[in-house]
Amino acid sequence: SAKEQGIELNRYAHAMQMKAQERLQLENDLRKALARGQFYLVYQPQVNLQSGLVVGMEALVRWQHPQRGSVSPAEFIPLAEESGLIVPLGEWVLREACAQNKRWQEAGYRKLCVSVNLSMRQFRHSHLLDSINNILKETGLEPAWLELEITESMTFDKDRAFEQLRKIKEIGVHISIDDFGTGYSSLHYLKDLPIDRLKIDRSFVNEIMEDSNNAAIVSTITSMAHHLQLKVTAEGVENEDQMLFLRNQHCHEAQGYFFSKPIEAAVFEKKFLRDIDT
Ligand code: C2E
Ligand code: CA
Ligand code: CA
Ligand code: CA
């Protein structure tokens, strides 16, 4: 009946309002989270498939919310991106990751490269270069031990992306394309972009043993990367079969739960740094 429909609509409107309120609340909390020290980084090892050595780590941000507990970046990164908070947050992540890497180097561990994710808004921001330069200077990390991960969608505006990437490369920082294969980057300008590495999206890697199409895609991307003289990393490696397949394909590096989940700095140090020199 019309009355029932009215009640349904009311319920729907109410649910939507709640959603909007919840979102607003989360956004408010996010704004304060940086000053309150609620963010921290976890690190996931990147392994060279020929030597078996850990050669790098990806820094991933975590938010410990006082009431909600751990909030996933899948939830708060888009919110931070929309509100612009991603710029100061991204800068904090970059500083923290560089500082941590430098501390590990000074402790005498074998040097590793740290990868940091850039958001679209950060990448477009006119102060990005200054920010990178300042952070490297402040922390004393040599640029060659930093890699920045961008996604294909950020290269959509080719000229602008090219310019920004060229300046980053000039500093001596490495650049990789994250989630490769899921976006729209056209192969015809991939060859021109000043990048160092492709990271094959984990959606392809996940099912290489079950789905021959995925296996074909992974080996094609790997061989293309070799031809373009780019490094290639497989993401989301969860078992030994996948690892062996990738090694056979001469994929350079891999990352995934098979090696380790992303873990806190102290745990990373204990598991992957203290032992490797012995
Ligand atoms: P991403 O950059 O593609 O990061 C990889 C994600 O895959 C991480 O999720 C990681 O925990 C997860 N992962 C790694 N190995 C495996 C595996 O073997 N199996 C499965 N199922 N998952 C695996 P996380 O940490 O939840 O991050 C999600 C996304 O949030 C990231 O995707 C990235 O786009 C974004 N993000 C995280 N930290 C930052 C940051 O500091 N800045 C920016 N801009 N974005 C970030
Ligand atoms: Ca990434
Ligand atoms: Ca990725
Ligand atoms: Ca991603």
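This is a predicted model, so every value here is computed, not measured.

In terms of helices and strands, the chain carries eleven helices and ten strands. Over its C-alpha atoms the chain spans a radius of gyration of 21 Å, differing by no more than 12% from the 19 Å that the globule rule assigns to 278 residues. A principal-axis box enclosing the C-alpha atoms of the chain has dimensions of 70 × 45 × 40 Å. When the 278 residues of the chain are sorted by exposure, 45% land in the buried category. Long-range contacts, defined here as pairs at least 24 residues apart, represent 68% of the contacts in the chain between residues at least 6 apart. A total accessible area of about 14,600 Å² is found for the chain, and carbon and sulfur atoms account for 51% of it.

A few words now on the confidence of the model for the chain. Model confidence for the chain is summarised by a mean pLDDT of 93, while 98% of its residues fall at 70 or above. With pTM at 0.93, the complex prediction returns an ipTM value of 0.98.

Located in the positive-phi region is Asp179, a residue other than glycine, with phi close to 55°. By the element assignment, Asp179 lies in strand β6 (residues 174–180). The residue His250 is not glycine, and still its phi comes out positive at about 65°.

Glancing now at the side chain of Ser119. As for its position among the elements, Ser119 is in the loop between β4 (113–117) and α4 (120–124). Here the side chain of Ser119 touches Glu81 through a polar contact of 3.4 Å, side chain to side chain. For Ser119, the contacting residues outside a window of four places in its chain are Glu81, Ile86 and Met154.

Before going further, it helps to examine the coordination of the calcium ion (ligand 3). The protein atoms that coordinate the calcium ion (ligand 3) are Asp178 (OD), Asp179 (OD), Glu235 (OE) and Glu235 (OE), at distances spanning 2.2 to 2.5 Å. Counting gaps between the donor residues of the calcium ion (ligand 3) yields the pattern D-D-x55-E. Between the calcium ion (ligand 3) and the calcium ion (ligand 2), a spacing of 3.9 Å is present, and a bridge between the two is formed by Asp178. Separated by 57 residues along the polypeptide, Asp178 in strand β6 and Glu235 in the loop between β8 (231–234) and α10 (240–248) bring together distant segments of the chain. Accessibility expressed as a relative area gives 11% for Glu235, which makes it buried.

What follows concerns the site of ligand 1. What surrounds ligand 1 is a group of 21 residues, the closest being Gln44, Arg62, Asp178, Glu238 and Tyr257. Interatomic distance of 3.0 Å between a side-chain N/O atom of Asp178 and an oxygen atom of ligand 1. At 3.2 Å, a side-chain N or O of Asp179 approaches an oxygen atom of ligand 1. For ligand 1, the accessible surface in isolation is 800 Å², of which the surrounding protein chains cover 82%. Elements that contribute at least two residues to the shell around ligand 1 include exactly β2 (54–65), α2 (73–83) and β6. The dominant element in the shell around ligand 1, judged by the number of residues it contributes, is β2, at four residues. Its residues assigned to classes, the shell around ligand 1 comprises nine nonpolar, five polar and seven charged.

The rules behind these values
- Residues numbered from 1 in each chain as written.
- Chains lettered and ligands numbered in written order.
- Predicted model: local features only at pLDDT ≥ 70, side-chain atom pairs only at ≥ 80, totals over all residues.
- Heavy atoms only, no water.
- Helix = DSSP H or I, 4+ residues; strand = E, 2+ residues; numbered from the N terminus.
- Rg over C-alpha atoms; globule rule 2.2 N^0.38 Å.
- Buried < 20%, exposed > 50% of the residue type's maximum accessible area, 1.4 Å probe, protein only.
- Contact = heavy atoms within 4.5 Å.
- Areas by Shrake-Rupley, 256 points an atom, 1.4 Å probe, with all protein chains shown as cover.
- pLDDT = per-residue confidence, 0-100.
- Polar contact = N/O pair within 3.5 Å; in protein donor to acceptor, adjacent residues only side chain to side chain.
- Donors = N, O, S within 2.8 Å, 3.2 Å for Na, K, Ca; no water.
- Near = heavy atom within 4 Å.
- Nonpolar A, V, L, I, M, F, W, Y, C, P; charged D, E, K, R; others polar.

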